[in-house]
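Residue-level listing of the chains:
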Amino acid sequence: MMDTIQLHDICKTFDQHPVFINWNHNFATGMVHVLKGPSGCGKTTLLRIIAGFIEPTEGHVIMDGEDIARIPAYKRDVNTVFQHYALFPHLDVYDNIAFGLKIKKQPKDIIDQKVRRMISLVGLEGFEHRDVTMMSGGQQQRVAIARALVNEPKVLLLDESLSALDKNLRKEMQLELKEIQREVGITFIFVTHDQ
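Please read these numbers as outputs of a predicted model, since none were measured by experiment.

Analysis parameters
- Residues numbered from 1 in each chain as written.
- Predicted model: local features only at pLDDT ≥ 70, side-chain atom pairs only at ≥ 80, totals over all residues.
- Heavy atoms only, no water.
- Phe/Tyr/Trp six-rings, centres within 6.5 Å; stacked < 30°, edge-to-face > 60°.
- Helix = DSSP H or I, 4+ residues; strand = E, 2+ residues; numbered from the N terminus.
- Buried < 20%, exposed > 50% of the residue type's maximum accessible area, 1.4 Å probe, protein only.
- Lys NZ or Arg CZ within 6 Å of the ring centre and 35° of its normal.
- Polar contact = N/O pair within 3.5 Å; in protein donor to acceptor, adjacent residues only side chain to side chain.
- Contact = heavy atoms within 4.5 Å.
- Pairing = 2+ DSSP bridges.
- Expected span 1.5 Å × (residues − 1).
- Arc of directions from axis to C-beta.
- Disulfide = S-S within 2.5 Å.
- Core = buried A, V, L, I, M, F, W, Y, C linked by side-chain atoms within 4.5 Å.

Think of a pair of aromatic rings as described by two things: how far the centres are apart, and how the planes are tilted against each other in angle. Applying the stated criterion across every chain, the model contains three aromatic pairs. Judged by centre distance (4.5 Å) and plane angle (50°), the ring pair of F88 and F99 falls under tilted. Taken together, the residues F88 in the loop between β6 (78–81) and α2 (93–103) and F99 in helix α2 connect sequence positions 11 residues apart. Residue F88 is classed as partly exposed on the basis of its relative accessible area, which comes to 25%. Accessibility expressed as a relative area gives 34% for F99, which makes it partly exposed. One residue, R147, lies across the ring of F88, its end atom 5.0 Å from the ring centre.

Structure follows, in structure tokens:
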């Protein structure tokens, strides 16, 4: 099985305090990977390095045989679902999901087709024009996931994206995420401190 992302000798320091020293790991394609550890151990920093939001102090982030460690986030085939979802409150469900496609200037019919597929995939049919600020946490998370997946990234990063949900909903969303991952077949890297 191929690896989507390979991390080689990743080092990261903040104000001369090391977070990682020569960290190596390969993330197999089409799998769900979970990085689990206590708050402050560097999980989110690692995701931010993969996403391109910060650069490693040293080391290589290899994707499709290319070192992307110094390539900006917007040029990477990676999307992120943040802990607080980062939805646009002035846009409805449909337009939140379509946002990235519109930025890429995709044709309207392609945007509509892809957005409707994502709405169906995350189980939000009938919510297309709903105000996202009036939705439950689980529904907002589904919008955030659909918005991240609609651009068809090779890797989806999930940064503590279930932590705001209650225990029962968190368990339900874990199962739904696994189903979504099976359906789309991309690599998920999930960060959590939740046992």
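Having seen the model, we can carry on.
With that settled, the discussion passes to the environment of D67. Mapped onto the fold, D67 is located in strand β5 (residues 66–67). Expressed as a C-alpha distance, the spacing of D67 and P38, which sit 29 residues apart in the sequence, is 29 Å. Polar contacts involving the side chain of D67 include one to the side chain of H60, which spans 2.5 Å.

Turning our attention to the environment of E58. By secondary structure assignment, the location of E58 is in strand β4 (residues 58–63). Considered as a pair, E58 and F190 are 132 residues apart in the sequence and their alpha carbons are 23 Å apart. Ignoring any residue separated from it by four or fewer positions in sequence, one finds E58 in contact with D9, I10 and C11.

With that settled, consider the pairing of strand β8 (residues 187–192). The buried count for β8 comes to six of six residues, which makes it a mostly enclosed element. Here β8 shows no split at all, with T187, I189 and V191 on one side and F188, F190 and T192 on the other all buried. Both strand β3 (residues 32–36) and β8 contribute to a ladder of five bridges, which runs parallel. The residue of β8 that forms the bridge with L35 is V191.

Bringing helix α3 (residues 108–121) into the picture now. With 14 residues, α3 extends 20 Å between its outermost C-alpha atoms, agreeing within 8% with the 20 Å of an ideal straight helix rising 1.5 Å per residue. Of the residues making up α3, those classed as buried are I111, V115, M118 and I119. End-on, the buried residues of α3 take up no more than an arc of 100°, which puts them together on one face. For α3, the exposed residues set more than 90 degrees away from the buried face come down to D109 and Q113.

Here a disulfide denotes one covalent bond, and it connects the sulfur atoms of two cysteines. Per the counting criterion, the structure on display carries zero disulfides. Of the cysteine sulfurs around C11, a residue in no disulfide, the closest is that of C41, at 17 Å. Its relative accessible area of 35% is what places C41 among the partly exposed residues.

Inspection of the sheet shows strand β1 (residues 3–14) paired to strand β2 (residues 17–28) by eight bridges, in the antiparallel sense. If you follow T13 over to β2, its bridge partner there is P18. Linking β1 back to β2 in an antiparallel pair, the connection comprises two residues, with D15 at a positive phi of about 50°.

Once that is clear, we can look at the nonpolar core. The nonpolar side chains of a soluble globular protein tend to be buried with one another. I97, V115, V143, L149, L156 and F188 are the most contacted members of the largest nonpolar core, which has 31 residues in total. Elements with a minimum of two residues in this core: α2, α3, α4 (137–149), β7 (155–159), α5 (167–184) and β8. Sequence-distant contacts of V143, defined by excluding residues within four places in its chain, comprise L87, V93, N96, I97, L124, V132 and M135. Core analysis: the next-biggest nonpolar cluster, separate from the first, contains 21 residues, I10, I50, V61 and M63 among them.

Turning our attention to the side chain of H33. Here H33 is to be found in strand β3. Look at H33 and you get buried, because its relative accessible area is 13%. With residues up to four places along the chain from it excluded, the contact list for H33 reads F27, A28, T187, F188, I189 and F190.

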